[in-house]
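Coordinate inspection notes
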Amino acid sequence: MQHHPLQSNAHQSLESETIACHECDLLIHLPPLAEGHKALCPRCNHVLTQKRRNARDKVFAFAISAIIFLVFSLPFDFLSFESKGNARIVTLAESIESLSLYNFESIAILIFLTTILVPGIFLLGLVYVLISLSVNKMYRHTQKIAKFLFSLLQWNMAEIFLIGILVSFVKIASMAKVNFGLSFFAYVLFIIFLALTVSNLDRFQFWRWVKIHIDQNQPNLSQLKDRGV
Ligand SMILES: [Zn+2]
């Protein structure tokens, strides 16, 4: 990976864009990056943006894989417990639902939202925007969804849920025999592909793709005249 030489003052290219450093708020004029390059903040060395090779294709493939594994994590056995001849099998939804049996409905709803619904909506929204970009068509909600997408990420807690499950597993293992089911492994793969999607999705580059897409699909003035606007 090569670092792009960056200056926060003069010598800007005409196509440069202004970007604020997330760490120190410095405003920087960013010239267009070559593939494989990344830009660092000249003041605090924070990575401002990175132009990875085939980023769009990679993000699309990872997001589709994450959606498939999320769907597969729902219908099958998630965990099974065996103790003194009694056995119990739970699905992912049942393991969340069991919290409401202990009068923790609000926690159960919050876990459902942050571990299944929000990451699911994020992935579907991302795939929607990426398909819109790749067929070069401005779908009805492309711009709105693109704006909304990143705010969803702060509500994603799928990894934390998995860590919680593993901690409980260690505690329960001394009292009962616990087995992981097919849905559990699908959920682990979902988390891995979700993490790959997010780590390959550069926010600044994503906005560049969307901006170029909007510019290309905006009706120009002569077209508007022809339509009598
Ligand atoms: Zn900085």
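As shown above, the structure is provided for reference.
Note that this is a predicted model, so its numbers are computed, not measured. (Residues numbered from 1 in each chain as written. Predicted model: local features only at pLDDT ≥ 70, side-chain atom pairs only at ≥ 80, totals over all residues.)

1. Structural notes on the nonpolar core
To be explicit about the condition: Residues enter a nonpolar core if they are buried, belong to Ala, Val, Leu, Ile, Met, Phe, Trp, Tyr or Cys, and are joined to the set through C-beta atoms within 7 Å. Working definition of burial: number of other C-beta atoms within 10 Å of the residue's own, with buried at 20 or more, exposed at 12 or fewer, and partly exposed in between, all C-beta atoms being placed from the backbone. Numbering of helices and strands runs from the N terminus, with a helix taken as a DSSP run of H or I at least four residues long and a strand as a DSSP run of E at least two residues long. Two residues form a contact once the distance between their C-beta atoms, set from the backbone, is within 7 Å.
Counting residues in hydrophobic clusters, the biggest one holds 31 residues, and the most contacted among them are Ala63, Ala66, Leu126 and Phe190. Going through the elements one at a time, helix H1 (55–72), helix H2 (92–101), helix H3 (105–134), helix H4 (142–153), helix H5 (158–172) and helix H6 (182–200) are the ones with two or more residues in this core. Once residues lying within four places of it in the same chain are set aside, the contact partners of alanine 66 are Leu123, Phe190, Phe193, Leu194 and Thr197.

2. Re the sheet that holds strand E6 (residues 79–83)
The condition that has to hold: In short, DSSP must find at least two bridges between two strands for them to pair. Structural elements are reduced to axes, namely lines fitted to C-alpha atoms, with helices fitted over the stretch in contact, and the angle between N-to-C directions of any two is expressed from 0 to 180 degrees.
The sheet built from 3 strands is open, its strands ordered E7-E6-E8 with antiparallel pairing. Either end of the sheet is taken by a strand with one partner, and the two such strands are strand E7 (86–90) and strand E8 (177–180). Put simply, the sheet's adjacent strands are angled 15 degrees from each other on average, direction ignored. In terms of strand pairing, E6 meets E7 through 5 bridges, oriented antiparallel. Residue pairing across strands places serine 83 opposite asparagine 86, the latter belonging to E7.

3. What to know about the environment of alanine 61
With respect to the helices and strands, alanine 61 occurs in helix H1. Along the chain, alanine 61 and valine 127 lie 66 residues apart, while their C-alpha atoms are 9.3 Å from each other.

4. Focus: H4
For the record, the criterion: Multiplying 1.5 Å by the residue count of a helix minus one yields the expected span of that helix. The reported arc concerns the directions from the helix axis to the C-beta atoms and nothing else.
For H4, spanning 12 residues, the distance from its first C-alpha to its last is 18 Å, which sits close to the expected 16 Å at 1.5 Å a residue. The complete set of buried residues in H4 reads Thr142, Ala146 and Leu149. Down the axis, H4 shows its buried residues gathered within 50 degrees of arc, on one side only. Exposed side of H4, more than 90 degrees from the buried face: Lys144, Lys147 and Ser151 are the residues found there. Close packing links the buried residues of H4 with H3 and helix H7 (203–217).

5. Brief notes about the pairing of strand E5 (residues 47–50)
As paired elements, strand E4 (residues 37–40) and E5 share 3 bridges and run antiparallel to each other. When the sheet's bridge partners are listed, alanine 39 is paired in E5 with threonine 49. The turn linking E4 back onto E5 is made up of 6 residues, and asparagine 45 within it adopts a positive phi angle of 70 degrees.

6. Quick look at the packing of H1 against H3
For clarity, the threshold we go by: Any angle between 65 and 115 degrees counts as roughly perpendicular, while under 35 counts as roughly parallel, over 145 as roughly antiparallel, and the rest as oblique. Note: crossing handedness is left-handed where the near helix turns anticlockwise from the far helix by less than a right angle, and right-handed where it turns clockwise. Three categories are distinguished: nonpolar for Ala, Val, Leu, Ile, Met, Phe, Trp, Tyr, Cys and Pro, charged for Asp, Glu, Lys and Arg, and polar for the others, with Gly belonging to the last.
With their axes 10 Å apart at the nearest point, H1 and H3 run at an angle of 140 degrees to one another. Taken together, the axes of H1 and H3 are oblique relative to one another. The crossing of H1 and H3 is left-handed. Of the residues in H3, those touching H1 at Arg56, Val59, Phe60, Ala63, Ile64, Ala66, Ile67 and Leu70 are Gly120, Leu123, Leu124, Leu126, Val127 and Leu130. Here the residues of the contact of H1 with H3 are counted per class, giving 12 nonpolar, 1 polar and 1 charged.

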